[in-house]
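Tertiary structure, described
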Amino acid sequence: MQRKNRNKSAYTRSFACAIRHFVSTGVLPILAFTLTPPAASHAAGIEAVLVASGFTIPLYVCAPPGDTSRIFVAEQGGKIMIINLPSGTVNPTPFLDITSEVGQGQGTGILGMTFDPDYATNGHFYVSYTTDFGGVFNQGVSHVARFTVSANPDVADPASEVTVITADQPQPGHDFDWIGFSPRPGDAGNLYICSGDGGSEEDQGPGHIEPGGNAQSTQTLLGKILRIHIEADGTYTIPPNNPFFGSQTQKPEIFTYGLRNPFRASFVLATGDMLIGDVGQDDREEVDVQSASNPGGGENYGWRVREGFIQNPFYPDDPPPPNAIDPILDYDHQTTGQCVIGGYLYHGSTVGDLEGLYVFGDLFGPETGNFSGHVFTLSYLNGVGSDFQDITSQLFPTKVGGYELGPLTSLGEDGSGEIYLTDLNGNVFKITAAPTPTPTPTPTATPTPTPTPTPTPTPTPTPTLTPTPSPTPTPSPSPSASPSPSPTPSPTPSPTPFFPVQLGNISARLSVGTNDNVLIGGFIVTGTQSKQVIVRALGPSLALTGVLSDPVLELHDSTGSTIATNDDWQESANKQAIIDAGLAPTNDKESAILMTLEPGAYTAIVRGVSGTTGVALVEVYDLDRTVDSKLANISARGFVQTGDDVMIGGVIILGDIDTDVLVRAIGPELADVGVDGVLEDPILELHDKDGALITSNDDWKESQQSQIEATGLAPTDDHESAILATLSPDNYTAIVRGKNDTTGVALVEVYNIGP
């Protein structure tokens, strides 16, 4: 029969079908983060957050039993790094560095790791890795080795290595991958090893046993799941109920067989069932189960004759093995994914929406897609999978920072059973419940007058304050070259503030043009309770020349839908409430909207009546400090000019303690979301209430790089600007101008990082 094109690009063949060549050949371009909003709105209950970045091909995440303060990240090239939770800081010294020992080529290196169940007392952990050379085929040797931690709990001793088991590789791929100990009663001390069929296509060629290939042969360790009992000295014995125990002709280490490349597997903690993600060849990906009700194993999953539920088209006339069992799920390459990444049945305690779900994924998604990772769920109960769902758009872009998922390399768990994702872009993400106490997300300014919604905010369960502004009207910042902050009203604290510190009033001022160059401001309400706010658009009352004489104000929700508009504030249905709040504009032509908003992301747009232009100010005031929601982030986008027509953002910090604030000026990145004429090199200044310069920044990496990266909100272009500052309660102004008086569209953002 005719086969589909087998000369796939290195992109698909090397990664999607074999989990090999992890960018070592340079064929995989790293996918850049963008500010693009998600294709679908985030689900109310889950989100992904960036835990740490900057890793080199991270392939696994795990933690010692009972250790909830750290996670360990295995990099393919030979290092295991430690991330400290919840700070997300990465120890500069690797926990283990065996770079000189492991392979650096295609499909080699560290591919799996696990901790001894008694790690707290014996300090042992196990690593599966493959070398580039050696063995009878000189194509590398797969190892499972034991190592021991040193006196320093954050550093292991490379010299403590004890080789447990090895297998010669006929090709550089489909090696020893996932390893782990089972939670099954009566199975203590037994280590399970996922072993690929040795590489090559269709389990054939040099080093592949015929007839049937390595996966069907019980005379090789390849194409199997192995089970061995670890002894105190690091050697192993064979569990007596292994299916080929005592055989002189078959490998007694074999537990199950008929697998192509079971790259990732896991045990269901409550039942002991083993769920296996077996990477397919050209047509199907599959998830298999080895039931705890069959503790002696022996299952044959059908490869190389079967691929998922179907006959492998490459062997159309080969009879399926009579004892082959079906997967619980398979899916095709064209519409769903090309390389399954096995995961975990969720058993954490913080993400209720994942209860009872098997969370797994795919390295690249469908062949018709954009070669980015996908995350799936499957309801699993008593050996049956159902309700297969793709949840990628609920997790990415992340609400904090707008990060996209690159090609998905693995899932992992921490000591509490929470689930992590790693990708080829060097990132480690965590799946969390929403709300979650993470940095406030960036509202994404749209390139058109009708805003693209800001990513749904991450509601923060940790309290943070909401100010009640005083009746003083808000003048704009001075138009001088180093303007003082826009004199915004000085809020009067509510009698019983909910949070010790928070943003009280946030504003932005610049020259309003037409079409795409109107003034666009985004803000986020975080928390669980609704929040009453006033949004104002000022022009005529500003003590400036060239003001916008008649501003029109629009308020949009996170879907981009218009939820309120106002031209002249005295025509507002809430006119009296605006007056009672002490925030009535002083000119009848100015605009104001008073609304009670649910937690979420919102966008305010200011334009001139009949296309008029001029300088305007947009402001958001929090009217109630007694509830557990707050204004957590603001962004404003517009055309930055020179002189007085630079971009000016104002913020008031209310409360009794200092707080950390991140201010960013973004220009070049806006081009990635289709904005024309961006400000190529923004310069950012932070001023106090008197107009005195506190600090400034041109290129963000020139100072505070590590501290800014630790927030998860680092810009992706070196020419962007960012300032992280600890500020006392007071008024502040951020100014954005172009380097060497250049002009263009820019975004200024203020984040309340904490507390």
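Quick look at the structure, then. Not measured: the values here are computed from a predicted model.

1. Considerations on the overall build of the protein
- Along the protein, the regular secondary structure elements total five helices and 44 strands.
- Sorting the 755 residues of the protein into buried and exposed places 62% on the buried side.
- Long-range contacts, defined as pairs at least 24 residues apart, comprise 69% of the intrachain contacts of the protein with a sequence gap of at least 6.
- When the accessible surface of the protein is split by element, carbon and sulfur atoms take 51% of a total near 25200 Å².

2. What to know about the pairing of strand β16 (residues 264–267)
- Judged by which residues are buried, β16 turns out to be covered on both faces: Arg264 and Ser266 on one side and Ala265 and Phe267 on the other are all buried.
- Relative to strand β17 (residues 274–278), β16 runs antiparallel, the two being bridged by four bridges. Bridged to arginine 264 within β17 is glycine 277.
- Between the end of β16 and the start of β17, which pair antiparallel, lie six residues, with glycine 272 showing a positive phi angle near 85°.

3. Focus: the nonpolar core
- Formed by 74 residues in total, the largest nonpolar core has its most connected members in Ile80, Phe95, Leu96, Met113, Phe125, Val127 and Phe360.
- Residues Val533, Val640, Met647 and Ala746 belong to the second largest nonpolar core, which totals 41 residues.

4. Structural notes on the pattern of salt bridges
- What the rule picks out here adds up to 15 salt bridges.
- Between arginine 737 and glutamate 685 there is a salt bridge, with its nearest N and O atoms 3.0 Å apart. Of the two residues, arginine 737 is situated in strand β43 (residues 731–738) and glutamate 685 in strand β40 (residues 682–687); the sequence distance between them amounts to 52 residues. Take arginine 737 and glutamate 685: they sit in the same class, and that class is buried.
- Salt-bridge contacts for lysine 689 lead to aspartate 730; the nearest nitrogen and oxygen are separated by 3.7 Å. Of this pair, lysine 689 sits in the loop between β40 and β41 (693–697) while aspartate 730 sits in the loop between β42 (721–727) and β43, and the two are 41 residues apart along the sequence.
- The class of aspartate 730 is partly exposed, set by a relative accessible area of 26%.
- Each of Asp67, Arg70 and Asp154 takes part in a single network of salt bridges with overlapping partners.

5. Quick look at the side chain of asparagine 242
- Relative to the elements of secondary structure, asparagine 242 occurs in the loop between β14 (236–237) and β15 (254–257).
- Judged by relative accessible area, asparagine 242 falls into the buried class, the value being 4%.
- Among the polar contacts made by the side chain of asparagine 242, one reaches the main-chain carbonyl oxygen of proline 252 at a distance of 2.9 Å.
- In this view, asparagine 242 contacts Arg227, Pro252, Glu253, Ile254, Phe255 and Gly296; residues no more than four positions away in its chain are not counted.

6. Focus on the layout of surface pockets
- Empty space within the second largest pocket amounts to approximately 610 Å³.
- When its residues are assigned to classes, the lining of the second largest pocket shows 16 nonpolar, nine polar and two charged.

7. A look at the environment of leucine 617
- One can find leucine 617 in strand β36 (residues 614–622).
- Measuring from C-alpha to C-alpha, the distance between leucine 617 and leucine 542 comes to 8.3 Å, with 75 residues separating the pair along the chain.

8. Section: the sheet that holds strand β1 (residues 46–52)
- Strands sit in the order β1-β28-β27-β26 across an open sheet of four strands; the sheet is antiparallel. Here the strands that pair on one side only, and so sit at the sheet edges, are β1 and β26 (408–413). Averaged over neighbouring strand pairs, the angle between their axes works out to 30° when direction is ignored.
- In this sheet, strand β28 (residues 428–433) lies alongside strand β27 (residues 419–423) in antiparallel orientation, the contact comprising three bridges.

9. Observations concerning the environment of methionine 647
- Residue position: methionine 647 is located in strand β38 (residues 647–655).
- The spatial distance from the C-alpha of methionine 647 to the C-alpha of arginine 637 is 8.6 Å, given a sequence separation of ten residues.

10. What about the packing of aromatic side chains?
- In total, this model carries 21 aromatic pairs according to the counting rule given.
- Judged by centre distance (5.8 Å) and plane angle (25°), the ring pair of phenylalanine 125 and phenylalanine 147 falls under stacked. In this pair, phenylalanine 125 sits in strand β8 (residues 124–130) while phenylalanine 147 sits in strand β9 (residues 141–149), placing the two residues 22 residues apart along the sequence.
- On the basis of relative accessible area, phenylalanine 147 is assigned to the buried category, the value being 0%.
- Chaining the aromatic ring pairs together yields one cluster made of Phe72, Phe95, Phe115, Tyr119, Phe125 and Phe147.
- Sitting over the face of the ring of tryptophan 303, arginine 260 holds its NZ or CZ atom 5.8 Å from the ring centroid.

11. Some remarks on the environment of tryptophan 178
- By the element assignment, tryptophan 178 lies in strand β11 (residues 176–181).
- Between the alpha carbons of tryptophan 178 and methionine 113 there is a distance of 6.9 Å; along the sequence they are 65 residues apart.
- Not counting residues up to four positions away in its chain, the partners in contact with tryptophan 178 are Tyr60, Tyr192, Ile193, Cys194, Phe263, Arg264, Ala265, Ser266, Phe267 and Met274.
- There is a polar contact of 3.3 Å between the side chain of tryptophan 178 and the side chain of tyrosine 60.

Rules and cut-offs
- Residues numbered from 1 in each chain as written.
- Predicted model: local features only at pLDDT ≥ 70, side-chain atom pairs only at ≥ 80, totals over all residues.
- Heavy atoms only, no water.
- Helix = DSSP H or I, 4+ residues; strand = E, 2+ residues; numbered from the N terminus.
- Buried < 20%, exposed > 50% of the residue type's maximum accessible area, 1.4 Å probe, protein only.
- Contact = heavy atoms within 4.5 Å.
- Areas by Shrake-Rupley, 256 points an atom, 1.4 Å probe, with all protein chains shown as cover.
- Pairing = 2+ DSSP bridges.
- Core = buried A, V, L, I, M, F, W, Y, C linked by side-chain atoms within 4.5 Å.
- Salt bridge = Lys/Arg side-chain N within 4 Å of Asp/Glu carboxyl O.
- Polar contact = N/O pair within 3.5 Å; in protein donor to acceptor, adjacent residues only side chain to side chain.
- 1 Å grid on protein atoms, 1.4 Å probe; cavity = no way out; pocket = protein on both sides within 12 Å on 5 of 7 lines; lining within 4 Å.
- Points joined across faces, edges and corners; volume = space filled by probe spheres on them.
- Nonpolar A, V, L, I, M, F, W, Y, C, P; charged D, E, K, R; others polar.
- Axes fitted to C-alpha atoms, helices over the stretch in contact; angles between N-to-C directions.
- Phe/Tyr/Trp six-rings, centres within 6.5 Å; stacked < 30°, edge-to-face > 60°.
- Lys NZ or Arg CZ within 6 Å of the ring centre and 35° of its normal.

Limitation: the analysis is restricted to geometry and does not speak to function.
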